Amino acid sequence: MEASAKPPAIHNCTSDGGWTVVLPRRGRQRSKATKVGVSEEKQEPWAPTDSQTDPSRETSMMQKMERCINRVGSSEFYSTMRCQIQTSLSDYVHRVLGSETKMEMVVYGIGSIESYEPPRLQLSLAILMRRDFSWIGNIEVYDPVLSLSESRVIESLGCSVMSVNEHGRREAQKPTMFFMPHCEAELYNNLLQANWKLNLLRNMVLFGNSFETYKEHASLCKNSRVNSMEHILSVRRFTTEFRIKTVSDDYYNAFHDSSWHFFSPVLETELQLSDS
Ligand SMILES: C[S@@+](CC[C@H](N)C(=O)[O-])C[C@H]1O[C@@H](n2cnc3c(N)ncnc32)[C@H](O)[C@@H]1O
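Residues numbered from 1 in each chain as written. Predicted model: local features only at pLDDT ≥ 70, side-chain atom pairs only at ≥ 80, totals over all residues. Heavy atoms only, no water.

Quick reminder of the rule: UniProt positions are given in the numbering used here, feature names are shortened, and annotations may be inferred rather than shown by experiment.
In the annotation of an unreviewed UniProt entry, the chain is listed under the name Protein SENSITIVITY TO RED LIGHT REDUCED 1 and assigned to Arachis duranensis. Under the UniProt heading Sequence similarities (unreviewed entry), the note attached to the chain is "Belongs to the SRR1 family."

So, in structure tokens, the structure goes:
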């Protein structure tokens with residue numbers, strides 16, 4: 001999968017039972033990144049592959065990010081999202097927080113903020129949410145395509161860049177928001193698999209591709225691809241999903257088909273894997 005192709009993660013099944021990525025409906029982009037598979041490996045150290053950084057590149061990237069944060073911050077898209085969080089999501093967020101006052105945000109699969117606008121819009125949204133919601137704590141970011149310059153800009157924006165490729169398998173031992181806009185299904189599946197326990201699932205808030213949409217696509221055919229999404233399909237039984245509104249075309253590429261997901265399993269038996 002290219003880093004930043006749109007929409008990146010909703011797959012469709014073909015008449016011969018194979019899976020194909022649904023191509024973008026608008027604004028296709030070319031990617032500079034090579035394919036980065038979502039491995040089943042647990043953790044491995046990671047550092048940007050480039051060792052040089054260029055101050056003028058960083059300055060220009062920082063300016064782009066600042067413009068983007070201002071634009072998103074004053075948009076109807078963001079005010080609608082903020083309102084959704086303050087109203088519909090509020091009880092769910094507080095249930096996840098429990099007695100804690102903050103939840104960390106883990107951002108996986110952001111893509112290249114230097115090359116593409118959707119990753120800049122997505123990171124801007126994460127940064128604005130931290131600014132506006134006191135219960136959001138530190139932001140940790142990871143994507144194997146990040147360059148050293150991109151990592152430095154992300155850190156200048158007050159986030160930290162992980163030095164480990166967790167393959168999406170961070171355990172939510174405390175309340176954690178996973179911000180994963182337009183990631184591949186395997187990454188969501190890895191995350192759910194690593195947290196497949198009552199207490200861990202209840203600690204999670206997940207922003208990403210709509211699981212409802214995955215279900216609709218998966219029901220079109222049964223094959224090994226569906227097996228690699230079994231946690232996504234099984235988790236829906238005890239998931240409350242809130243779709244977001246992209247409001248205007250400006251935010252379509254970065255946020256279409258995205259939802260907030262909250263998980264409230266009560267019984268161990270609900271953790272049985274099946275797509276029903
Ligand atoms: C389809 S792209 C989406 C990029 C961006 N969010 C967007 O909407 O343009 C999926 C991203 O997941 C990243 N990715 C792949 N493996 C990953 C991993 N183990 N942890 C975090 N991100 C990963 C890829 O490098 C890629 O940038």
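Brief notes about the sheet that holds strand β6 (residues 160-161)
Rule in force here: Here, strands pair whenever DSSP counts at least two bridges between them. Starting at the N terminus, helices and strands are each numbered in turn, a helix being any DSSP run of H or I of at least four residues and a strand any DSSP run of E of at least two. The contact criterion used throughout is that any non-hydrogen atoms of two residues lie within 4.5 Å. A fitted line through C-alpha atoms represents every axis, and for helices the fit uses only the stretch in contact; the resulting angles, taken between N-to-C directions, go from 0 to 180 degrees.
If you walk across this open sheet you meet the seven strands as β6-β5-β4-β8-β9-β11-β10, and the pairing is mixed. This sheet does not close on itself; its edge strands, each paired only once, are β6 and β10 (239-243). By the bridge criterion, five bridges tie strand β9 (residues 204-209) to strand β11 (residues 258-263) in an arrangement that is antiparallel. Bridging across to β11, Leu 206 finds its partner in His 261. Across the sheet, helix α8 (residues 211-218) is in contact with β9, β10 and β11; its angle to β10 comes to roughly 100 degrees.

Describing unusual backbone geometry
Most of the time, phi is negative for any residue but glycine, and the peptide bond is trans. For the record, the criterion: Exposure categories follow from relative accessible area, calculated using a 1.4 Å probe and restricted to protein chains: below 20% of the type maximum is buried, above 50% is exposed, and the middle band is partly exposed.
One non-glycine residue with positive phi stands out, namely His 167, at about 55 degrees. Take His 167: it is sitting in the loop between β7 (164-165) and β8 (176-180). By relative accessible area, which is 5% here, His 167 ends up buried. The backbone of Val 247 sits at a positive phi, close to 65 degrees, despite the residue not being glycine. Relative to the assigned elements, Val 247 resides in the loop between β10 and α11 (252-255). Exposure remark for Val 247: the relative accessible area of 39% places this residue in the partly exposed category.

What to know about the packing of aromatic side chains
Which entries qualify depends on this criterion: Only Phe, Tyr and Trp rings take part, Trp by its six-membered ring, and two of them pair if their centres are within 6.5 Å. Stacked means planes under 30 degrees apart, edge-to-face means over 60, and tilted covers everything else.
Per the stated rule, a full pass over the model turns up 15 aromatic pairs. Ring plane angle 10 degrees and centroid distance 4.6 Å describe the contact between Phe 77 and Tyr 251, whose orientation is recorded as stacked. Taken together, the residues span a long stretch of sequence, with Phe 77 in helix α2 (residues 76-86) and Tyr 251 in the loop between β10 and α11 at a distance of 174 residues. There is no split in this pair, since Phe 77 and Tyr 251 are both buried. Measuring from ring centre to ring centre gives 6.3 Å for Tyr 108 and Phe 178, while their planes differ by 20 degrees; the resulting arrangement is stacked. Taken together, the residues span a long stretch of sequence, with Tyr 108 in strand β4 (residues 103-108) and Phe 178 in strand β8 at a distance of 70 residues. Here Tyr 108 falls in the buried class, since its relative accessible area comes to 2%. What makes Phe 178 buried here is its relative accessible area of 0%. An aromatic cluster is built from Phe 77, Phe 179, Phe 207, Tyr 251, Phe 255 and Trp 260, whose rings are joined through pairwise contacts.

A look at the nonpolar core
Keep this limit in mind: Here, the term nonpolar core denotes a set of buried Ala, Val, Leu, Ile, Met, Phe, Trp, Tyr and Cys residues that are joined through side-chain atoms within 4.5 Å.
Of all hydrophobic cores here, the largest spans 77 residues; its most connected members are Met 129 and Trp 260. Examining the composition of this core, we find that seven residues originate from one element, helix α4 (residues 117-132), more than from any other. Ignoring any residue separated from it by four or fewer positions in sequence, one finds Met 129 in contact with Tyr 78, Ile 85, Met 105, Ile 136, Met 177, Phe 179 and Trp 260.

What about helix α5 (residues 148-156)?
Three or more residues of α5 are buried, namely Ser 149, Glu 150, Ser 151, Val 153 and Ile 154. On the buried face of α5, the contacting elements are α1 (55-73), α4, β5 (136-142) and β6. Just past α5, the residue Gly 158 takes up positive phi, approximately 90 degrees.

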